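# Report on the structure
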Amino acid sequence: MRRTPADRFFEFSLLGLLASGYLAVAGSGYLDRVAVAVTSAGLLARGLMTGGWLRFGIPPRAVFALALGYIGFYPVDYYFLSRDFLAATVHLICFLAVVRILSAETERDYFFVKLIAFLEIVAASVLSENLNYFPFLALFLVFGVATFSSAEIRRSGARSQASWRVSARALSVRLAGITVLAAAGILIITAGLFFFLPRTARAAFQHLVPENYRLPGFSSEVRLGQTGEIRRQGTVVMRARIEGVANSMNLKWRGAALADFNGLRWFNGTPGGEVLRVKDGLLQLADNKQRRRKGMRI
């Protein structure tokens, strides 16, 4: 099948779309060296194939066999290698990206490549904590506009069976100009709305949703690198009454304490507990015969 200038521009744009999503994931630092090396090699090979410097293809049966084999490998990666759902899922996305981009020839293959690129940028938005995500997001937007605009030109040319009267260089320059202008307009409008919509959404949320639905909670596990925010609210979550002399003491309630650390996360083990039973409306936390510290009792 004869390749038109729009086909070549579309394939480079699709490759850039997939690469920008992959770079956003890699920039989060969530990928290991093996995944980075394999995915980079696959994208480079596809770039050489699109440019005509390398001839390589994966038969459809081999693609099916590889995908089926990785489905069997996914539980192994989850339980024994990565030991993390997100990491194992990102490895799966990168593997599918390499296999699909190397074997993409039909419109159905191109659709799956677009879907994988979208999953990459979504995964990066969840995993990334660095500001380098935003340049990759802008790059993803530029290549997305280029991909869909050139895809529409390809579909129109295929339906009309019209001959191309423009050179590949002229078409690429015009499409690149339209892409940059459209992407710049989208970014400018989005940046402008950013300063208005968050305030509007927050005001609506505070007005419509009562405070009872935003209660603070405690986590039984804290992983290094994860971000969070402690919100100070006046919502009542518990009422306590202390009778006697201790009422004048400056006491504070502790929500939770994490005692174990394995280098990646703080957590509490699961030691055998003891059932404390209430007798005559009184719960005794310690036996009177046990050794206690000196001080005022509550």
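Residues numbered from 1 in each chain as written. Predicted model: local features only at pLDDT ≥ 70, side-chain atom pairs only at ≥ 80, totals over all residues. Heavy atoms only, no water.

A residue-level look at the protein finds 73% of positions with pLDDT of 70 or above and a mean pLDDT of 79. Note on residues 210-215: pLDDT under 50 across the span, and nine contacts to partners over four residues away in sequence or across chains. Every residue in residues 227-231 scores below 50 in pLDDT, and together they form one contact with partners more than four places removed in sequence or on other chains. (pLDDT = per-residue confidence, 0-100. Contact = heavy atoms within 4.5 Å.)

Their axes nearest at 7 Å, the elements helix 1 (residues 5-27) and helix 5 (residues 107-127) cross at an angle of 25°. Taken together, the axes of helix 1 and helix 5 lie roughly parallel to each other. Pair helix 1 / helix 5 crosses with left-handed handedness. Seen from helix 1, the contacting residues are F10, E11, L14, L17, L18, G21, Y22, A24 and V25; seen from helix 5, they are Y110, V113, K114, I116, A117, E120, I121 and A124. (Axes fitted to C-alpha atoms, helices over the stretch in contact; angles between N-to-C directions. Helix = DSSP H or I, 4+ residues; strand = E, 2+ residues; numbered from the N terminus. Parallel < 35°, antiparallel > 145°, perpendicular 65-115°, else oblique. Left-handed = near helix turned anticlockwise from the far one by under 90°.)

Sheet architecture is open: three strands sit in the order 1-3-2, paired in antiparallel fashion. On the outer flanks of this sheet lie strand 1 (221-223) and strand 2 (260-261), each paired with one strand and no other. The pairing of strand 2 with strand 3 (residues 265-267) spans two bridges and is classified as antiparallel. Directly across from F261, in strand 3, lies its bridge partner W266. (Pairing = 2+ DSSP bridges.)

On to the side chain of R46. Mapped onto the fold, R46 is located in helix 2 (residues 33-51). For R46, which is buried and forms no salt bridge, the nearest opposite charge comes from E11, at a distance of 4.1 Å. At a separation of 3.2 Å, a polar atom in the side chain of R46 contacts the main-chain carbonyl oxygen of I101. With residues near it in sequence (within four places) discarded, R46 still touches E11, L15, I101, L102, A104 and Y110. (Buried < 20%, exposed > 50% of the residue type's maximum accessible area, 1.4 Å probe, protein only. Lys, Arg positive; Asp, Glu negative; His and termini not counted. Salt bridge = Lys/Arg side-chain N within 4 Å of Asp/Glu carboxyl O. Polar contact = N/O pair within 3.5 Å; in protein donor to acceptor, adjacent residues only side chain to side chain.)

What follows concerns unusual backbone geometry. Unusually for a residue other than glycine, R83 sits at a positive phi of about 60°. Of note, D280 is a non-glycine position whose phi angle comes to about 60°, a positive value. Note that D280 resides in the segment after strand 3.

Across all of its chains, the model carries four salt bridges by this definition. Ionic pairing is found between D7 and R154, a salt bridge with its closest N-O pair at 2.5 Å. Of this pair, D7 sits in helix 1 while R154 sits in helix 6 (residues 133-160), placing them 147 residues apart in sequence. On the basis of relative accessibility, which here comes to 12%, the residue D7 falls in the buried class. Taking the shortest distance from any N to any O, the salt bridge between R100 and D109 comes out at 2.7 Å.

Our focus in this paragraph is helix 1. The end-to-end C-alpha distance of helix 1, which contains 23 residues, comes to 33 Å, matching closely the 33 Å that a straight helix rising 1.5 Å per residue would cover. Positive backbone phi, approximately 75°, marks G29, located one or two places after helix 1. (Expected span 1.5 Å × (residues − 1).)

A word on the environment of A35. Secondary-structure assignment places A35 in helix 2. You can call A35 buried: its relative accessible area is 12%.

Take a nonpolar patch on the surface next. Together, Y30, F85, L86, F111, L115, F118, L119, V122 and V126 line one region of the surface with nonpolar side chains, adding up to about 820 Å² of accessible area. Here the element with the most residues in the nonpolar patch is helix 5; it accounts for six residues. You can see F111 is positioned in helix 5. Given the relative accessible area of 52%, F111 is considered exposed. (Patch = residues over 30% accessible without salt bridge, like charges linked within 9 Å, V, L, I, M, F, W, Y side chains within 5 Å. Areas by Shrake-Rupley, 256 points an atom, 1.4 Å probe, with all protein chains shown as cover.)

Quick look at the side chain of E11 now. By secondary structure assignment, the location of E11 is in helix 1. A residue is classified by how much of its surface remains accessible, and E11, at 14% relative accessible area, is buried. Setting aside anything within four residues of it in sequence, one finds E11 in contact with R3, R46, T50 and Y110.

Taken as a whole, this structure holds eight aromatic pairs when the rule is applied. When the centroid spacing of 4.8 Å and the interplanar angle of 70° are considered together, the rings of Y78 and Y79 count as edge-to-face. A relative accessible area of 29% places Y78 in the partly exposed class. One aromatic cluster in this structure is built from Y70, F73 and F95. (Phe/Tyr/Trp six-rings, centres within 6.5 Å; stacked < 30°, edge-to-face > 60°.)

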